[in-house]
Amino acid sequence: AGLCSKLNGAVPGEPVKTDKNSRRGNWGNQIEFILTSVGYAVGLGNVWRFPYLCYRNGGGAFMFPYFIMLVFCGIPLFFLELSFGQFASQGCLGVWRISPMFKGVGYGMMVVSTYIGIYYNVVICIAFYYFFSSMTNLLPWTYCNNPWNTPTCNGVVTPRGINNTLANVTRSLVTGATEVAVEVVNKTKRTSPSEEYWKHYVLQISDDIGNFGEVRLPILGCLAVSWVVVFLCLIRGVKSSGKVVYFTATFPYVVLTILFIRGITLEGAVTGIKYYLTPQWHKILDAKVWGDAASQIFYSLGCAWGGLITMASYNKFHNNCYRDSIIISITNCATSVYAGFVIFSILGFMAHHLNVDVSEVADHGPGLAFVAYPEALTLLPISPLWSLLFFFMLILLGLGTQFCLLETLVTAIVDEIGTDWIVRNKTVVTGGVAIVGFLLGVPLTTQAGIYWLLLMDNYAASFSLVIISCIMCICIMYVYGHKKYFKDVEMMLGFPPPIFFRVCWRFVSPIIISFILIFTVIQYKPITYNDYVYPGWSLAIGFLMAMSSVICIPIYALYKIAKSEGTTFLERLKNSCKPDVKWGPALSEHRIGLYATPGSEGEVEVRPLKEELKEKEKEDEKRDEISLTIQGSNGSTAHNTTPSA
């Protein structure tokens, strides 16, 4: 039985157990969980946001506050969410049995994941569009001789012959007519063919956020493809997605490495990398640099989205999520740094080709992914190949995050309803959520879609995430109680959380989260897109989106207090904060000590795993002593194989 227990991952000293949750399901193995979590944390922001932030905030000097924030905020919060979900084996709603009054935090996480899931898949679908457009001998954004180009278009790749714009400028300069020359130069301010392809052909962008125009059918078709791919990968929940991530989480690193090797061999690449890494130590004293570092760590790791809790809920109860949190967090940040080399080596090459400063070609967000980088790729031999690789990488990075966003919503719904029918037909729920997500994404495929996408990106998941995370820390550490939670973690892992994490959970991380919130409020500027300034009514919608997730918390708290037992408000408040009777490990074999059901054999003192291992060894020694060989009168030996009490 002891050998079987070890093989099945059961707690030593107990009967043979599988440690598997047959009702909800588990990861096939621990690598699936780690790869899924890496795919979730490593997303588009690692490629299109971090390198630019690093360059703008002091280059190599930015790494110092970045890694400080990783150690004191990122990894502790990551570990907290993983241990929270794994202990209860519940999604972002079910875990709040720990203190039912705070279940609104779970609903807030669902709202945030819904918003992000809607617009994130639109970004993926645009990457699909560019991927399909790259299947050609000549990238369509290489030259300025297309129907959608304007007279101000000036490409980095000059076709045979001199283009009209350049000829006009030359002619003006030769005549010596200074005023005319200035006017012409102003008019011919460089508009790249990739920017015009993006604005005038792909998006056919309208002049205002309220002017929706028509639905861009090619983008709508790619959006349908994106949702079908996500649905098929999640058709059997973590059983199917756990297999898909072997490719989606690892192949981006192959592509990054290929692009990195290609990039550093180009002329000017070293200049670009110097811009990226050269330390500007004086910027370390700037509060904005620390604020950006903290914000980037917080948003990049996916804290407070609900995805980490959901993914961890499919772990086996005794999985070492402490080790996993460190591996995944460091992998995420290392990927961001590595992506910076890939991006800036190519941008340095383009700056060298144009004979301009790297700062003039550096960009972030969609501007980097769909304008600056694609334009740089046109300068390379066999440019369609590099374009295919780049956009395929973006698709995989996006899908890894999208899998977890959809699974978060589906798991929360299935766990909350919890009937046998809905558990058996989880695929139907997944399909339903995917269809709703697709329909809600349709407005983002219109000619005003990019305005709405950026509005959602800036407001739907900004300060609301910070508030959700802060309240989660307060609830677990101060309402439920830090001592009880530390014992829960010890019961699960076999050792208590290291003292560093206990201090961070109770004091350091909440302080840093509060700092991020204050920084976000102080640094707030109304959103703009290039030269377009968003009207007031659209900003109001943005704030409503941000508040819609946070407002869930007080509304549900008031509802729970009203429904709780008690004659006075304080009694109701106290009762609504008490852990639910169902709080604790999901499987009865793990419900020991405080969590044991009355009269069950599991009603024993909560002991760490290491102590149980020692007791198991002692029991084995006793059995060996009892099973002594007994000499027979004829000189033969007999074995007493029946252990006695």
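Procedures and definitions
- Residues numbered from 1 in each chain as written.
- Predicted model: local features only at pLDDT ≥ 70, side-chain atom pairs only at ≥ 80, totals over all residues.
- Heavy atoms only, no water.
- pLDDT = per-residue confidence, 0-100.
- Contact = heavy atoms within 4.5 Å.
- 1 Å grid on protein atoms, 1.4 Å probe; cavity = no way out; pocket = protein on both sides within 12 Å on 5 of 7 lines; lining within 4 Å.
- Points joined across faces, edges and corners; volume = space filled by probe spheres on them.
- Helix = DSSP H or I, 4+ residues; strand = E, 2+ residues; numbered from the N terminus.
- Nonpolar A, V, L, I, M, F, W, Y, C, P; charged D, E, K, R; others polar.
- UniProt positions renumbered as here; feature names shortened; annotations may be inferred.
- Buried < 20%, exposed > 50% of the residue type's maximum accessible area, 1.4 Å probe, protein only.
- Polar contact = N/O pair within 3.5 Å; in protein donor to acceptor, adjacent residues only side chain to side chain.
- Axes fitted to C-alpha atoms, helices over the stretch in contact; angles between N-to-C directions.
- Left-handed = near helix turned anticlockwise from the far one by under 90°.
- Expected span 1.5 Å × (residues − 1).
- Bend = angle between axes of the 7 residues up to and from the residue.
- Salt bridge = Lys/Arg side-chain N within 4 Å of Asp/Glu carboxyl O.
- Core = buried A, V, L, I, M, F, W, Y, C linked by side-chain atoms within 4.5 Å.
- Disulfide = S-S within 2.5 Å.

Chemist: It is not clear to me how the confidence of the model for the protein should be interpreted in this structure. Could you clarify?
Modeler: Low pLDDT means the predicted atomic positions in that stretch should not be read closely. When pLDDT is averaged along the protein, the result is 87, and 85% of the positions lie at 70 or above. Long-range and interchain partners of residues 625–645, a stretch whose pLDDT sits below 50, account for 14 contacts in this model, where long-range means more than four residues apart.

Chemist: For this particular structure, what's the right way to read the layout of surface pockets?
Modeler: Space left empty within the atom packing is revealed by a probe, the size of a water molecule, rolled over the atoms. The calculated volume of the second largest pocket comes to roughly 600 Å³. Looking at the second largest pocket, it is lined by 30 residues, and the ones nearest its centre are Ser-22, Arg-23, Arg-24, Gly-25 and Val-423. Elements with a contribution of two residues or more to the lining of the second largest pocket: α11 (238–248), α18 (383–417), α19 (420–424) and α20 (426–441). When residues of the lining of the second largest pocket are assigned to their parent elements, the largest contribution, 5 residues, is made by α18. Residue classes in the lining of the second largest pocket are distributed as 9 nonpolar, 10 polar and 11 charged.

Chemist: Could you clarify how one ought to interpret the UniProt feature "binding site: Na(+)" (unreviewed entry) in the protein in this entry?
Modeler: When the UniProt feature table is mapped onto this chain numbering, "binding site: Na(+)" (unreviewed entry) sits at Gly-39, Ala-41, Val-42, Asn-46, Ser-300, Asn-332 and Leu-397. Taking the farthest pair of C-alpha atoms as the criterion, the annotated set spanning 359 residues converges on one region, since that pair is 12.5 Å apart. Within the secondary structure layout, Asn-46 lies in helix α3 (residues 44–48). The buried category is assigned to Asn-46, whose relative accessible area is 2%. Those residues in contact with Asn-46 that lie beyond four places of it in its chain are Ala-41, Pro-51, Ser-300, Asn-332, Thr-335, Ser-336 and Ala-339. Within the structure, the side chain of Asn-46 is placed 3.0 Å from the backbone nitrogen of Gly-43, a separation counted as a polar contact. Under the relative-accessibility criterion, Leu-397 is labelled buried at 7%. Once residues lying within four places of it in the same chain are set aside, the contact partners of Leu-397 are Gly-39, Val-42, Gly-43, Leu-44, Val-47 and Pro-252.

Chemist: Honestly, the packing of helix α10 (residues 217–233) against α18 in this entry has me stumped. Any pointers?
Modeler: For any two helices packed against each other, one specifies the inter-axial angle together with the distance between the axes. Closest axis-to-axis distance for the α10/α18 pair is 10 Å, and the angle between their directions is 65°. When the axes of α10 and α18 are compared, the crossing they make is right-handed. Contact residues: Trp-227, Val-229, Val-230 and Cys-233 in α10; Leu-399, Gln-402, Phe-403 and Leu-406 in α18.

Chemist: Got a minute to help me understand helix α22 (residues 463–493) in this structure?
Modeler: Since the α-helix advances by 3.6 residues per turn, residues separated by three or four positions end up pointing in the same direction. Under the 1.5 Å per step criterion, the end-to-end length of α22 is only 33 Å for 31 residues, more than 12% shorter than the ideal 45 Å. The sharpest bend along α22 comes to roughly 110°, located at Gly-481. Burial analysis of α22 places 22 of its 31 residues in the buried class, which makes it a mostly covered element. Gly-494 lies just past α22 and shows a positive phi near 95°.

Chemist: Please explain helix α16 (residues 321–354) as it appears in this structure.
Modeler: When the terminal C-alpha atoms of α16 are compared, their 49 Å separation across 34 residues agrees well with the 50 Å that a helix rising 1.5 Å per residue should span. Sitting at the amino-terminal end of α16 is Asn-320, which places a side-chain oxygen 3.3 Å from the backbone nitrogen of Tyr-322. Once α16 finishes, Asn-355 follows within two positions and takes phi at roughly 60°, a positive value.

Chemist: Where do I start with the pattern of salt bridges in this structure?
Modeler: Think of it this way: side chains of opposite charge can pair up when their charged atoms draw near. Across all of its chains, the model carries 8 salt bridges by this definition. We note a salt bridge from Lys-199 to Glu-195, for which the minimum N-O separation is 3.4 Å. With Lys-199 and Glu-195 both in helix α9 (residues 193–203) and 4 residues apart, this pair spans about one turn of that helix. Residue Lys-426 is joined to Glu-407 by a salt bridge in which the shortest nitrogen-to-oxygen separation is 2.8 Å. Taken as a pair, Lys-426 in helix α20 and Glu-407 in helix α18 lie far apart in primary sequence, 19 residues in all. One exposure class covers both Lys-426 and Glu-407, and it is buried.

Chemist: Honestly, the nonpolar core in this entry has me stumped. Any pointers?
Modeler: A general tendency of soluble globular proteins is for nonpolar side chains to be buried together. With 186 residues, the main nonpolar core has Phe-84, Tyr-130, Phe-370, Tyr-485 and Tyr-534 as its most contacted residues. A per-element tally of this core places helix α6 (residues 103–133) first, with 19 residues.

Chemist: What am I meant to see in the state of the cysteines here?
Modeler: Cysteine pairs can be covalently joined through their sulfur atoms, and such a bond is termed a disulfide. Under the definition given, this model contains 1 disulfide. Considering cysteine sulfurs only, Cys-473 is the nearest to Cys-470, which forms no disulfide, with 6.7 Å between them. Accessibility expressed as a relative area gives 16% for Cys-470, which makes it buried. Here Cys-504 is not cross-linked by a disulfide; its sulfur's nearest cysteine counterpart is in Cys-73, at 8.7 Å.

Chemist: Looking at this model, I keep getting lost on the side chain of Ser-240. Mind explaining?
Modeler: By the element assignment, Ser-240 lies in helix α11. Exposure remark for Ser-240: the relative accessible area of 12% places this residue in the buried category. Here Gly-237 takes part through its backbone oxygen, which lies 3.1 Å from a polar atom of the side chain of Ser-240. Beyond its immediate sequence surroundings of up to four residues, Ser-240 is in contact with Cys-233, Leu-234 and Ile-235.

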